[in-house]
Amino acid sequence: MEKIVRGCCPHDCPDTCGWLVTVRDGVAVEIKGDHHHPFTRGWLCVKARAYLQFVYHPDRLPYPLKRVGAKGEGRFRRISWDEALDTIASKWQEIIARYGPEAILPYSYSGTLGVVQNDGLDRRFFNRLGASELERTICSAAGMEGVRYSLGANKGADPESMVHARLILIWGANPATTHPHYIPFIQDAKRRGARGVLIDPRRTRTAPFADQHLRIFPGTDAALALGMMRAMVDHGWHDQDYVEANTVGFDELRERLVEYPLDRVARVTGIREKDVLELACAYASTKPAFLRLGYGVQRHGNGGMIVRTIACLPALAGQVGLRGGGFLLSTSGWAMWDNVALRRPDLRPREPRAINMNQLGQALLSAEPPIKSLYVYNSNPAASTPNQSKVRAGLLREDLFTVVHEIFPTDTVDYADIALPATTQLERLDLHKAYGNLYVQLNEPAIAPQGECKSNTEVFRLLAEKMGFMEECLFESDEDMARTAVETLSLSGPRITLERLRQEGAIKITERELGLPFADGRFATPSGKVEFYSRQLREAGYDPLPAHVPEREGPEGDKVFLERYPLYLLTPGAHHFLNTTFANIPSLVASEKRPCLQINPGDAASRGIQDGDRVRVENQRGWCQLTARVTDAVAPGVVSTEATWWQKKSPQGRNVNHLTGDHLTDLGRGATFYNSLVEVRKAD
Ligand SMILES: Nc1nc2c(c(=O)[nH]1)N[C@H]1C(S)=C(S)[C@@H](COP(=O)(O)OP(=O)(O)OC[C@H]3O[C@@H](n4cnc5c(=O)[nH]c(N)nc54)[C@H](O)[C@@H]3O)O[C@H]1N2
Ligand SMILES: Nc1nc2c(c(=O)[nH]1)N[C@H]1C(S)=C(S)[C@@H](COP(=O)(O)OP(=O)(O)OC[C@H]3O[C@@H](n4cnc5c(=O)[nH]c(N)nc54)[C@H](O)[C@@H]3O)O[C@H]1N2
Ligand SMILES: [Mo]
């Protein structure tokens, strides 16, 4: 018996590839890209090609476990589902009676992005319970906020339109690694004569696809954008007609630009005056120019303001609404599910307190009233969350009752009192919308759940029953949840239904061939225009105008840090992993080799460090050990390591998140993974 089942990759990547799974006698024997998907076009990245190794990995959690060793040790014994669920329910009832339901904290993020397994029944369950609310801001919150202030909505330009661009700026994005299906579109545009410019502190795998690489100093992109604006306005290269018709605050902006002469911009960014000037001229005069902004720039303390500032550039240059032009950070604002219908906030007994997920350690150690139970799913916070010494101390608390629902024995599972086995994407139904293109897809289950594994939704239905909850909506089926999501999608075009998705495969959410956001000049801001000047920002207590705000941990910041820790650390995503996912797949670990630190030859020499040396990287928060890679891929003063390795697969059991901080971004309360100062020396 052989069948081919259509589905899609569930992982946290802008692409969301369509795939086809060949199933023989109930076993998935092949997985390949779906040629019918117009954007991902029939090929998979190096990680998804290894997906069957993920699904049939011998280390998968096969059944529920109860801790027998010390916390962090990872020693367990097998228990039944019934015992596991009874234990959780009775423990939670005890906690609720003594401390109230807010003593329970759900913790989840992007293990899967399917709306069914990521964002529906789980919220309903925890709303009904009255648990603390998690601020899910570890990834993109600062950037999303920044765009909202300038443009009003995260309605990024359609990446398929890149083929029509004559200039492409790839700014703080590394598509060759993090969303590789963009690359063929960039190559197509180049074949038609486009130029590509990469703006990144590192020479990445994307650099060969660009004509020019500007090695900017981290966290200074707002200064670069303001320098470009200054040059555009000084030389009259900006689009005065577009600005007059579609923006507010140009006069105030022009005054602000006085503070950004080219020599200051060059000093701050490390980019030569001539290059800033040329970039400004090219961007203003080459039409259409496509600006692909990645998430790299918004993982800085000043990341919200950086994104807000860059998002003003297309309007100033008159690049909005052109086929092949415009601005793209995220496409998530094109069509939304009805989150109220999915999450049912009305089930809450009262408005709960919010805990920021980037400050998990701090919350576990000192939240008042205390957190007495943590329920983790779709996430691996003992490896992926910043400031790990605090996270570890929190997870080690004897009086914290921790449940982890996982596919693998991750670092987080090691701290669980109860671990529950989860399904993979091949074992359940889900519905997906991409955040880097405009397609919606249905993932059909291909094989039966392995071992005693259960999906997230299945567990929440069982927990609701054990807790004695009666509301029908807590027991909705996966298919009904998917139907609610797809049928509440806010669309301008023809309706999308599960039936259509089953028949047609991936469906585009825009009616027209290409999504050209804001082509009608109507922006989703309070003024309806691009807001160079934002009254909303001013009212929220921020600078209403675009600005470069030096980071506290940086060369223009606090001298106390800088003297002790003179090197700026970046920790972007690894080519063969996806956050901490896949960092246990043998072939992918073998390709990634070991956790390394890129360091400039001058910085290495002055520290007596040679290529291949084991180095100790440290700051006020902690330390870890990495292998030095001496290279001019990073500038003097900058070091970089690709993340995120599991702790227990890292030297000394410590990954780089011992160094990253839990201070939040200026806007959006986001994570600051790319804002740490460190010192590096040869390990003993
Ligand atoms: N140093 C550093 N740290 C970073 C980053 C960085 O660039 N540098 N990037 C940050 C970013 S952008 C993000 S988005 C976060 C992501 O952080 P996390 O949300 O913690 O994502 P992962 O580390 O991939 O862990 C996801 C886990 O979910 C599990 N999982 C997958 N599917 C399911 C499922 O259906 N059910 C259940 N119960 N579990 C499932 C996987 O096995 C995996 O262990 O990491 C952040 N951490
Ligand atoms: N292989 C792989 N793919 C992934 C992931 C992964 O871990 N591995 N993670 C997934 C997730 S969760 C996300 S959110 C996306 C993110 O994917 P991207 O949008 O590409 O974002 P990042 O990888 O965070 O950073 C992109 C680039 O920004 C650069 N950068 C850092 N600081 C600055 C700065 O100050 N200025 C400028 N101009 N550039 C800077 C980094 O060096 C990096 O090369 O990728 C997804 N895809
Ligand atoms: Mo992310």
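For the structure itself, look to the data block above.
Definitions and limits used
Residues numbered from 1 in each chain as written. Chains lettered and ligands numbered in written order. Predicted model: local features only at pLDDT ≥ 70, side-chain atom pairs only at ≥ 80, totals over all residues. Heavy atoms only, no water. Axes fitted to C-alpha atoms, helices over the stretch in contact; angles between N-to-C directions. Helix = DSSP H or I, 4+ residues; strand = E, 2+ residues; numbered from the N terminus. Parallel < 35°, antiparallel > 145°, perpendicular 65-115°, else oblique. Contact = heavy atoms within 4.5 Å. Nonpolar A, V, L, I, M, F, W, Y, C, P; charged D, E, K, R; others polar. Salt bridge = Lys/Arg side-chain N within 4 Å of Asp/Glu carboxyl O. Buried < 20%, exposed > 50% of the residue type's maximum accessible area, 1.4 Å probe, protein only. Pairing = 2+ DSSP bridges. 1 Å grid on protein atoms, 1.4 Å probe; cavity = no way out; pocket = protein on both sides within 12 Å on 5 of 7 lines; lining within 4 Å. Points joined across faces, edges and corners; volume = space filled by probe spheres on them. Domains from an automatic or database assignment. Near = heavy atom within 4 Å. Polar contact = N/O pair within 3.5 Å; in protein donor to acceptor, adjacent residues only side chain to side chain. Areas by Shrake-Rupley, 256 points an atom, 1.4 Å probe, with all protein chains shown as cover. Core = buried A, V, L, I, M, F, W, Y, C linked by side-chain atoms within 4.5 Å.

Trainee: Give me the packing of helix α11 (residues 262–269) against helix α12 (residues 273–285): which residues, what numbers.
Mentor: A packed helix pair is summarised by two numbers, namely the angle formed by the two axes and the spacing between the axes. The N-to-C vectors of α11 and α12 enclose an angle of 110°; their axes lie 9 Å apart at closest approach. Between α11 and α12, the angle falls in the class roughly perpendicular. Residues L262, D263, V265 and A266 of α11 form the contact with α12, whose own contacting residues are E273, V276 and L277. Its residues assigned to classes, the contact of α11 with α12 shows five nonpolar, no polar and two charged.

Trainee: Describe the pattern of salt bridges, with residues and values.
Mentor: For the structure on display, the rule yields 56 salt bridges. With a closest N to O distance of 3.1 Å, D632 and R203 form a salt bridge. You can see D632 sitting in the loop between β25 (622–630) and β26 (638–640) and its partner R203 sitting in the loop between β9 (195–199) and β10 (212–214), a full 429 residues away along the chain. Taken together, the shared-partner salt bridges connect E444, E479, R483, E499 and R502 into one network.

Trainee: Now, about the pairing of strand β19 (residues 439–443): what can you tell me, with residues and values included?
Mentor: Two faces, one strand: in a regular strand the side chains alternate between the faces of the sheet. Judged by how many residues are buried, β19 sits mostly within the fold: five of five residues are covered. The alternating pattern of β19 places Y439, Q441 and N443 on one face and V440 and L442 on the opposite face, and all of these are buried. As paired strands, strand β18 (residues 430–433) and β19 are joined by four bridges and run antiparallel to one another. Residue pairing in the sheet places L431 in a bridge with L442 of β19. Connecting β18 to the next strand, β19, in antiparallel fashion are five residues.

Trainee: Now, about the sheet that holds strand β3 (residues 27–33): what can you tell me, with residues and values included?
Mentor: In space, the three strands of this open sheet follow the order β1-β2-β3, with antiparallel pairing throughout. Each of the sheet's edge strands pairs with one partner strand only, and the pair in question is β1 (2–8) and β3. Each neighbouring strand pair of the sheet contributes to a mean axis angle of 25°, computed without reference to strand direction. Where β1 lies against strand β2 (residues 18–24), seven bridges are found, and the strand directions are antiparallel. In the strand pairing of β2, K3 is matched with V23.

Trainee: Provide a residue-level description of the layout of surface pockets, including the pertinent values.
Mentor: Volume-wise, the largest pocket comes out at about 1,500 Å³. Together, 47 residues line the largest pocket, and Y109, D119, R136, N339 and R343 are the ones closest to its centre. Mapped by element, the contributors of at least two residues to the lining of the largest pocket are β6 (104–108), α3 (115–118), α4 (121–129), β7 (133–135), α5 (141–151) and α15 (339–343). Counting residues per element, the lining of the largest pocket draws most heavily on α5, which supplies four residues. Shared between two domains, the lining of the largest pocket takes at least three residues from each, and those domains are domain 2 (65–138 + 354–439 + 448–508) and domain 3 (142–329). Each pocket or cavity is described by its volume, and for the second largest pocket that value is around 490 Å³.

Trainee: Before we move on, could you go through the site of ligand 1 and cite the residues and values that matter?
Mentor: In the vicinity of ligand 1 there are 32 residues, among which S384, E406, R428, T580 and T581 approach most closely. A distance of 2.4 Å is found between an oxygen atom of ligand 1 and a side-chain nitrogen or oxygen belonging to E406. A distance of 2.6 Å separates an oxygen atom of ligand 1 from a polar side-chain atom of T580. Alone, ligand 1 offers 920 Å² of accessible surface; in the complex the protein occludes 97% of this. Of the residues contributing to the shell around ligand 1, the split by class is eleven nonpolar, 17 polar and four charged. Both domains that furnish three or more residues to the shell around ligand 1 are identified here as domain 2 (65–138 + 354–439 + 448–508) and domain 4 (559–682).

Trainee: Tell me what's going on with the nonpolar core, and back it up with residues and numbers.
Mentor: In this structure, W171 and L313 are the most contacted members of the largest nonpolar core, which totals 58 residues. Broken down by element, this core gets its largest block of residues, nine residues, from helix α8 (residues 221–234). Apart from residues lying up to four places away in sequence, L313 is in contact with W171, A225, M228, M229, M232, Y283 and L291. By size, the runner-up hydrophobic cluster in this structure holds 40 residues, among which are L105, A363, A382 and F561.

Trainee: I'd like to hear about the site of ligand 2, residue by residue, with values.
Mentor: Surveying the vicinity of ligand 2 reveals 34 residues, the closest of which are T178, D200, D221, F577 and Y674. With respect to ligand 2, the side chain of R202 contributes an N or O atom lying 2.7 Å from an oxygen atom. For ligand 2, an oxygen atom lies 2.6 Å from a polar atom in the side chain of Y674. Considered on its own, ligand 2 offers 920 Å² of accessible surface; in the complex 98% of this is hidden by protein.

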